[in-house]
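Each chain, letter by letter, is given below.
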Amino acid sequence: MPQDGFLAGVFDLFHVGHLDVLERARTACDRLVVGVLTDEWAMDAWGARPFVPLVERVQILEHLRAVDEVVVIDDVDAEVLTGRLVFAADLDGILGADDLTDVPAGFLQVLPDARLSRSTILRAAIDQRQSRSSVA
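Residues numbered from 1 in each chain as written. Predicted model: local features only at pLDDT ≥ 70, side-chain atom pairs only at ≥ 80, totals over all residues. Heavy atoms only, no water.

Colleague: Pulling in residues and values, what's your account of the overall build of the protein?
Modeller: When you go through the protein residue by residue, the secondary structure sums to 5 helices and 5 strands. Reading the helices (α) and strands (β) of the protein from amino to carboxyl end gives β-α-β-α-α-β-α-β-β-α. Counting every position in the protein, which comprises 136 residues, the buried fraction comes to 39%. A separation threshold of at least 6 residues defines the contact pool for the protein, and within that pool the share at least 24 residues apart is 75%. Surface summary for the protein: the accessible area is close to 7900 Å², and the carbon and sulfur share equals 52%. (Helix = DSSP H or I, 4+ residues; strand = E, 2+ residues; numbered from the N terminus. Buried < 20%, exposed > 50% of the residue type's maximum accessible area, 1.4 Å probe, protein only. Contact = heavy atoms within 4.5 Å. Areas by Shrake-Rupley, 256 points an atom, 1.4 Å probe, with all protein chains shown as cover.)

Colleague: Requested: an account of helix H3 (residues 54–62), with residues and values cited.
Modeller: If you check which residues of H3 are buried, you get Arg57, Val58 and Leu61. On an axial view of H3, the arc spanned by its buried residues comes to 100°, and they lie on one face. Buried residues along H3 sit in contact with helix H1 (16–27), strand S2 (31–37), helix H2 (39–46) and strand S3 (69–73). (Arc of directions from axis to C-beta.)

Colleague: I'd like a rundown of the environment of Ile126, residues and numbers included.
Modeller: Inspection of the secondary structure assignment puts Ile126 in helix H5 (residues 119–135). C-alpha separation for the pair Ile126 and Phe51, spaced 75 residues apart in sequence, amounts to 9.9 Å. Filtering out sequence-adjacent residues up to four positions away, Ile126 remains in contact with Leu13 and Phe51.

Colleague: Account for the pairing of strand S1 (residues 4–9), with residues named and values stated.
Modeller: Sheet faces and side chains relate simply in a regular strand, where the side chains alternate between the two faces. Counted residue by residue, S1 has 6 buried out of 6 residues, so it is predominantly covered. Relative to S2, S1 is paired through 6 bridges, and the arrangement is parallel. By the bridge assignment, Phe6 is partnered in S2 with Val33. In this fold, S1 hands off to H1, which returns the chain to S2; that crossover is right-handed. (Pairing = 2+ DSSP bridges. Right-handed = clockwise from strand over helix to strand, strands pointing away.)

Colleague: Tell me about the pattern of salt bridges, and please be specific about residues and values.
Modeller: This model, assessed by the stated rule, comprises 6 salt bridges. A salt bridge links Arg57 to Asp39; the nearest nitrogen and oxygen atoms lie 2.3 Å apart. Separated by 18 residues along the polypeptide, Arg57 in helix H3 and Asp39 in helix H2 bring together distant segments of the chain. Of the residues examined, Asp39 reaches a relative accessible area of 13% and is grouped as buried. The residue Arg49 makes a salt bridge to Glu40 at a minimum N-O spacing of 3.8 Å. Accessibility expressed as a relative area gives 45% for Arg49, which makes it partly exposed. One continuous salt-bridge network, built from bridges that share partners, spans Asp39, Glu40, Arg49 and Arg57. (Salt bridge = Lys/Arg side-chain N within 4 Å of Asp/Glu carboxyl O.)

Colleague: Account for the environment of Val52, naming residues and giving values.
Modeller: Following the sequence through the fold, Val52 ends up in the loop between H2 and H3. Between the C-alpha atoms of Val52 and Asp12, which are 40 residues apart in sequence, the distance is 5.8 Å. With residues up to four places along the chain from it excluded, the contact list for Val52 reads Asp12, Leu13, Asp39 and Arg57.

Colleague: So what's going on with the nonpolar core? Which residues, and what values?
Modeller: Of all hydrophobic cores here, the largest spans 14 residues; its most connected members are Leu22, Leu32, Val34 and Leu61. Elements with a contribution of two residues or more to this core: H1, S2 and H3. If you look at the next biggest cluster of nonpolar residues, it comprises 8 residues, including Ala8, Val33, Ala42 and Ile73. (Core = buried A, V, L, I, M, F, W, Y, C linked by side-chain atoms within 4.5 Å.)

Laid out in structure tokens, this is it:
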């Protein structure tokens, strides 16, 4: 029986680390569904709005070979999502946002760390550049 996988993230400032984790997730399942977290979720979790609007983040992901489907999700506990691929093969389809907090432990796989490029590093570099340009 084919196994569906579900991986969620904000995917702001898309970089090679995102691509790496998506490709590794895709090798672990037959079909990969990616959940893109909303701007409001990012505001609540990070205290900052993503640089790239939600519709554009979705469009970027839709064009990747590793991704079979993209859905928008909100209102999910960040600890449940961090670095985890959720397998939905035995759970009657893809998990909804409300289902993620109650996923049995056997259905979660923690993916190894991605490459060193990180959104937080990019965000800090942008913030630093913006603060320098506002002083000048």
